[in-house]
Amino acid sequence: MLILVNLENVLFIIEFLIEGENIANSWSNTTGQSNNSALPLAAERTRRIDPSSHFSYYEAGWDITNKHYILSLAFSGIPLFVIAAFWCFTVATCFTIIACCYCCGHNRKKSRTDYSRKAYTISLIFLSVFLIVTIIGCIFLYNGQGNFQSTARDVSDILVMKANSVVDIVHNVLRNLAAAKKIEIAQYYLPDDIKHSIGKVERFANQSSNIKSQPEKIAKFSTELLNDISRSLVAVSAGMLILTVVGFSNGVGDTCAAMDDWLQHPQDHNTALSKLLPCMDEAAARRTLDITRNTSFQITNLVNAFVVNVANNHVPPFLQDFYYNQSGPFMPLLCNPFFPNLTERTCGPSELNLKGAPTAYQSFVCDTSPSGLCMTMGRLTPSLYTQVLVATNMSDTLHRYGPFLSRVVDCTFVAETFAQINEEDCPLLRRYSNQVFIGLVLVSVAVMFSVILWLVFVRERWLQISSKKLRTPYAELR
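Overview of the structure. Quick caveat, the model's predicted, so the values are computed rather than measured.

**Comments concerning the overall build of the chain**
Line of reasoning, step 1. When its secondary structure is counted, the chain shows 13 helices and 4 strands.
Line of reasoning, step 2. Burial status across the chain gives 41% buried among its 478 residues.
Line of reasoning, step 3. A fraction of 76% describes how many contacts in the chain between residues 6 or more apart in sequence connect residues 24 or more apart.
Line of reasoning, step 4. Within the structure as shown, the chain displays about 25400 Å² of accessible surface, and the carbon and sulfur contribution to it stands at 62%.

**Digging into the pattern of salt bridges**
Line of reasoning, step 1. Counted according to the given criterion, the structure contains 7 salt bridges.
Line of reasoning, step 2. Note that Asp254 is salt-bridged to Arg48, the shortest N-O span being 2.8 Å. Placement of the pair is Asp254 in helix α8 (residues 248–264) and Arg48 in strand β1 (residues 48–50), with a sequence separation of 206 residues.
Line of reasoning, step 3. Look at Asp254 and you get buried, because its relative accessible area is 0%.
Line of reasoning, step 4. The residue Glu351 makes a salt bridge to Arg345 at a minimum N-O spacing of 3.3 Å.
Line of reasoning, step 5. Its relative accessible area of 26% is what places Glu351 among the partly exposed residues.
Line of reasoning, step 6. When its relative accessible area of 22% is taken as the criterion, Arg345 is described as partly exposed.
Line of reasoning, step 7. In this structure, a network of salt bridges that share partners links the residues Arg45, Arg48 and Asp254.

**Considering a nonpolar patch on the surface**
Line of reasoning, step 1. Where nonpolar side chains cluster on the molecular surface, the patch consists of Trp87, Val441, Val445, Phe449, Ile452 and Val456 and spans about 410 Å² of accessible area.
Line of reasoning, step 2. With 5 residues, helix α13 (residues 412–477) is the largest single contributor of residues to the nonpolar patch.

**Examining the packing of helix α5 (residues 192–201) against helix α9 (residues 282–311)**
Line of reasoning, step 1. At a minimum axis distance of 10 Å, the contact between α5 and α9 shows a crossing angle of 150°. Relative to α9, α5 is oriented so that their crossing is left-handed. Between α5, through Ile194, Ser197, Ile198 and Val201, and α9, the contact on the second element is made entirely by Thr288, Ile291, Asn294, Thr295 and Gln298.

**Considerations on the nonpolar core**
Line of reasoning, step 1. One finds Phe306, Tyr361, Leu380 and Phe418 to be the most contacted residues of the largest nonpolar core, which totals 76 residues.
Line of reasoning, step 2. For this core, the element with the highest residue contribution is helix α4 (residues 117–180), accounting for 12 residues.
Line of reasoning, step 3. Those residues within four positions of Phe306 in sequence are excluded, and the remaining contacts are Ile185, Ala186, Tyr188, Ala311, Tyr324, Leu380, Leu384 and Val388.
Line of reasoning, step 4. Leu127, Phe130, Ala446 and Leu453 belong to the second largest nonpolar core, which has 6 residues in total.

**Some thoughts on the environment of Asn336**
Line of reasoning, step 1. Locating Asn336 in the fold gives a position in the loop between α9 and α10 (357–362).
Line of reasoning, step 2. When residues no more than four places from it in sequence are discounted, the contact partners of Asn336 are Phe297, Thr300, Asn301 and Arg345.
Line of reasoning, step 3. At 3.1 Å, the side chain of Asn336 and the backbone oxygen of Phe297 are in polar contact.

Reading guide: rules and limits
- Residues numbered from 1 in each chain as written.
- Predicted model: local features only at pLDDT ≥ 70, side-chain atom pairs only at ≥ 80, totals over all residues.
- Heavy atoms only, no water.
- Helix = DSSP H or I, 4+ residues; strand = E, 2+ residues; numbered from the N terminus.
- Buried < 20%, exposed > 50% of the residue type's maximum accessible area, 1.4 Å probe, protein only.
- Contact = heavy atoms within 4.5 Å.
- Areas by Shrake-Rupley, 256 points an atom, 1.4 Å probe, with all protein chains shown as cover.
- Salt bridge = Lys/Arg side-chain N within 4 Å of Asp/Glu carboxyl O.
- Patch = residues over 30% accessible without salt bridge, like charges linked within 9 Å, V, L, I, M, F, W, Y side chains within 5 Å.
- Axes fitted to C-alpha atoms, helices over the stretch in contact; angles between N-to-C directions.
- Left-handed = near helix turned anticlockwise from the far one by under 90°.
- Core = buried A, V, L, I, M, F, W, Y, C linked by side-chain atoms within 4.5 Å.
- Polar contact = N/O pair within 3.5 Å; in protein donor to acceptor, adjacent residues only side chain to side chain.

Written as structure tokens, this is what we have:
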């Protein structure tokens with residue numbers, strides 16, 4: 001049974017390495033980035049012997065999709081495996097020697113028929129102690145494994161949710177930009193060069209999808225890994241083998257050290273951590289930010305041009321495209337949130353804030369006749385008010401996306417995510433992985449000594465029963 005479990009674990013490790021290689025190839029194909037150009041993370045900590053490279057030292061830093069990193073990480077558990085194997089061999093040898101001595105010497109001398117009360121009591125006490133230690137070890141193992149798995153899945157969820165939120169917002173920006181090309185207010189349109197620029201930036205959507213796909217691949221991979229480890233830990237010996245071979249605790253420490261290293265060099269975006277949550281291409285993100293700001297700037301100018309030239313103007317009736325019998329108090333101009341160089345500006349005292357424009361402009365709407373002319377005092381027909389409302393809301397929406405896109409340009413959203421994981425989840429992952437290790441050690445040692453003490457206890461118990469049977473007939477004869 002143990003051999004079958006160990007074979008299953010070996011197959012699991014092979015599958016682990018193949019899957020990691022597939023993810024690495026997928027990443028290279030979708031992004032065109034190679035590991036050779038990436039900044040090594042946690043290079044000093046991950047410098048270990050790589051058995052697949054003529055036992056030379058692995059020096060490429062943390063990279064969960066690099067088979068050389070995985071093998072060097074696995075090889076780091078060899079000392080523990082050797083100790084465990086030596087321990088098992090020693091105990092097995094001792095049992096063999098004891099059995100041989102007992103079998104060979106059983107016929108040469110008279111067997112002991114009286115039991116040792118001291119040996120019986122001591123074996124019972126220590127057997128009880130080691131059984132309690134076994135239970136404690138199982139509790140450590142169960143809680144540690146469950147908490148570790150839960151925390152690791154929380155980290156995966158954080159990465160996936162952050163990636164999804166970023167991609168969703170980017171797609172919303174692109175959808176709003178596409179809708180902005182259709183804005184029209186009384187034959188006022190956006191300039192053709194702005195529409196052309198929006199058409200170019202729409203291609204940014206394909207690249208932003210990589211941010212969503214990479215964390216999902218890693219999350220799926222890590223979930224399968226955790227499930228396999230969880231199943232392996234059901235058998236203590238097999239779980240110990242997995243622990244030593246895969247380098248369970250070392251892998252957790254490496255990942256957290258890599259995040260800490262990246263946070264100290266956030267300007268270096270091309271790292272192995274990009275496979276967990278990649279940054280967007282800086283040039284494409286900046287171009288999207290500039291076009292978003294420029295579109296907001298141009299839409300606000302378009303609305304103000306309509307207000308000045310049509311709504312607040314005394315248009316003669318023969319200009320049928322712009323005349324609708326507008327009259328009454330003048331409409332205030334919108335506050336443009338940007339200067340012509342697209343830097344932020346503050347509103348003047350007479351300007352109307354974009355957010356308050358829909359409510360303020362509603363008071364300038366007139367009642368119209370079937371022909372579309374105002375029958376009451378007002379500067380906007382209901383139809384024109386709807387068009388102004390759409391344009392104003394669009395400009396305000398694009399303006400509010402500016403700070404988010406700025407965080408995409410400098411990869412701040414990735415830094416914030418890694419900082420959150422490093423501060424909140426990494427200490428828990430280290431604690432729970434150590435708890436799993438302690439639980440496995442306690443269970444392994446306690447079970448081994450429990451078996452030895454159980455043999456002693458059963459032997460003394462059998463002698464106790466035998467001696468009672470011998471004394472009973474002797475008492476009857478007297």
